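# Survey of secondary and tertiary structure
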Number of protein chains: 2
Amino acid sequence: MSEKSERPERSERSERPERPERPERSDKKDNIVFIGQKTAMNYVMACLTVVQAGFKEITLKARGKAISRAVDVAEILRNRFMKDKMTVKSIITGTELLERQDRGKFSVSTIDIILACL
Amino acid sequence: MSEKSERPERSERSERPERPERPERSDKKDNIVFIGQKTAMNYVMACLTVVQAGFKEITLKARGKAISRAVDVAEILRNRFMKDKMTVKSIITGTELLERQDRGKFSVSTIDIILACL
């Protein structure tokens, strides 16, 4: 966040300083949408914002029970908001080992859904 | 079920007549495991039974909230029970249009996870 003041393109988006537009950065992290406990439509809107920012690919990341919501988001985009303009490029599942004081160590499934604009 | 008595290999499995062994049938439907509301371990066991029956591929099918459970089943098999012996071959997502008296028409996301024995 400290480099914001050095970036000349910041002036375009000065009304929203918390989300600087950086579509051509090499560390493509702005096109990752983390799926949590909000309704699917929240994340659909987040994805549309990413598309508007010029990204051609979006990665949806979810774990645990949010996995089904991530699939919902992908399907809503593909069938409704980005109909015939977006496709599921690949889906990768995985397992993360977490540790919490109340539960100890436990595994949680993860999913990465990579969407590509056509 | 009526052809059971004609199949010579039935004798091997005569102690379990309710699950005849038919690994080489052309209509490969016995290797589909539908994921519902039971715990993931139930479906893991169902998959291991399918592997025991000689199938080299298993399709996990789920919709709605059971999607995250389907990913759990795939991950448990891949990392624990079939470690280094099973891989996720492909994952396909989709949408089904359902109709119920109390809800009218509504869409539900679906997932097919195709697992392959190595």
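What you are looking at is a predicted structure, and each value in this text was computed from that prediction instead of being measured.

### Description of the overall build of chain A
Assigned secondary structure in chain A consists of two helices and four strands. Secondary structure elements of chain A occur, N-terminal to C-terminal, as β-α-β-α-β-β. Buried positions account for 25% of the 118 residues belonging to chain A. Long-range contacts, defined here as pairs at least 24 residues apart, represent 61% of the contacts in chain A between residues at least 6 apart.

### Re the relation of the copies chain B and chain A
Each copy superposes on the other: chain B lies on chain A with an RMSD of 0.0 Å after a rotation of 180 degrees and an axial shift of 0.0 Å. Both copies are brought into coincidence by an operation consistent with a two-fold rotation axis. For chain B, the residue whose C-alpha comes nearest the rotation axis is Ser 68 of chain B, separated from it by 2.6 Å. Most of the interface of chain B is mirrored in chain A: 100% of its interface residues are interface residues there too.

### What to know about the interface of chain B and chain A
Counting from both sides, the interface comprises 15 residues of chain B and, opposite them, 15 residues of chain A. Contributions of two or more residues to the side of chain B that touches chain A are made by helix 2 (66-81), strand 3 (86-100) and strand 4 (104-117) of chain B. The biggest single contributor to the side of chain B that touches chain A is helix 2 of chain B, with seven residues. Residue composition of the side of chain B that touches chain A, grouped by class: six nonpolar, six polar and three charged.

### Comments concerning the nonpolar core
Counting 46 residues, the largest nonpolar core has Leu 60, Ala 70 and Val 73 of chain A together with Leu 60, Ala 70 and Val 73 of chain B as its most contacted members. Residue contacts for Ala 70 of chain A: discarding those within four places in its chain leaves Ile 35, Leu 60, Ala 62, Ile 111 and Ile 113 of chain A.

### Observations regarding the packing of helix 1 (residues 40-52) of chain B against helix 2 of chain B
Each pair of packed helices can be described by the angle between their axes along with the distance between the axes. Residues and elements named next belong to chain B. At a minimum axis distance of 9 Å, the contact between helix 1 and helix 2 shows a crossing angle of 60 degrees. Accordingly, the angle class assigned to the pair helix 1 and helix 2 is oblique. As helix 1 runs across helix 2, the sense of the crossing is right-handed. Across the interface between the two elements, Ala 40, Tyr 43, Val 44, Cys 47 and Leu 48 of helix 1 pack against Arg 69, Asp 72, Val 73, Ile 76, Leu 77 and Phe 81 of helix 2.

### Concerning the confidence of the model for chain A
All names here are of chain A. On average, residues of chain A score 84 in pLDDT, and 76% of them are at 70 or above. Of the regions scoring below 50 in pLDDT, residues 1-14 engages in nine contacts with residues more than four places distant in sequence or in other chains. For this predicted complex, the interface confidence comes out at an ipTM of 0.75, alongside a pTM of 0.76.

### Describing the sheet that holds strand 3 (residues 86-100) of chain A
All names here are of chain A. The strand order across the open sheet formed by four strands is 1-2-4-3, and the pairing between neighbours is mixed. The sheet is open, and its two borders are formed by strand 1 (32-34) and strand 3, each paired with just one other strand. With strand direction ignored, the average angle separating the axes of adjacent strands in the sheet is 20 degrees. Examined bridge by bridge, strand 2 (residues 57-63) and strand 4 (residues 104-117) share seven bridges and lie antiparallel to one another. Note that in strand 4 the partner of Ile 58 across the bridge is Leu 115. Lying over the sheet, helix 2 (residues 66-81) contacts strand 2, strand 3 and strand 4, oriented at roughly 155 degrees with respect to strand 2.

### Details of the sheet that holds strand 3 of chain B
Residues and elements named next belong to chain B. Across the sheet, which stays open at both edges, the four strands sit in the order 1-2-4-3 with mixed pairing between neighbours. With partners counted over all chains shown, the strands left at the sheet margins are strand 1 (32-34) and strand 3, one partner each. Between one strand axis and the next, the sheet turns through 20 degrees on average, direction left out of account. Sheet analysis places strand 1 next to strand 2 (residues 57-63), joined by three bridges and oriented parallel. Of the residues in strand 2, the one forming a bridge with Phe 34 is Lys 61. Lying over the sheet, helix 1 contacts strand 1, strand 2 and strand 4, oriented at roughly 170 degrees with respect to strand 1.

### With respect to the environment of Glu 96 of chain B
Residues and elements named next belong to chain B. Following the sequence through the fold, Glu 96 ends up in strand 3. A sequence separation of 14 residues divides Glu 96 from Met 82, and the C-alpha atoms of the two residues are 31 Å apart. Glu 96 has contacts with Arg 63, Val 108 and Thr 110, leaving out every residue within four places of it along the chain.

### Examining the environment of Ala 70 of chain A
Along the polypeptide, Ala 70 of chain A turns up in helix 2. For the pair Ala 70 of chain A and Tyr 43 of chain A, spaced 27 residues apart in sequence, the C-alpha separation works out to 8.5 Å.

The rules behind each value
- In this convention, every chain numbers its residues from 1, walking through the sequence in written order.
- Key to labels: chains lettered from A, ligands numbered from 1, both in the order written.
- Given that the model is predicted, a residue must reach a pLDDT of at least 70 before its local features are reported, and side-chain atom pairs must reach 80 or more before they are shown or counted; all residues, however, enter totals for whole chains, interfaces and linings.
- Strands here are runs of E lasting at least two residues and helices are runs of H or I lasting at least four, both read from the DSSP assignment and numbered beginning at the N terminus.
- With C-beta atoms placed from the backbone, a residue is labelled by how many other C-beta atoms lie within 10 Å of its own: buried for 20 or more, exposed for 12 or fewer, partly exposed between the two.
- Whether two residues are in contact depends on their C-beta atoms, placed from the backbone: they are in contact if these lie within 7 Å.
- Alignment of copies: least-squares fit on C-alpha atoms of residues with pLDDT of at least 70 in both copies.
- Each residue gets one of three labels, nonpolar for Ala, Val, Leu, Ile, Met, Phe, Trp, Tyr, Cys and Pro, charged for Asp, Glu, Lys and Arg, and polar for the others, Gly among them.
- Each nonpolar core consists of buried Ala, Val, Leu, Ile, Met, Phe, Trp, Tyr and Cys residues. Their C-beta atoms, within 7 Å, join them into a set.
- Each axis is a line fitted through C-alpha atoms, and for a helix only the stretch in contact is used; angles between axes span 0 to 180 degrees, taken between their N-to-C directions.
- For classification purposes, an angle smaller than 35 degrees is called roughly parallel, one larger than 145 roughly antiparallel, one from 65 to 115 roughly perpendicular, and anything else oblique.
- By convention the crossing between two helices is left-handed if the near helix lies anticlockwise of the far one by an angle smaller than a right angle, and right-handed if it lies clockwise.
- The predictor attaches a confidence to each residue, and that confidence, scored 0 to 100, is pLDDT.
- Here, a strand pair is defined by DSSP locating no fewer than two bridges between the strands.

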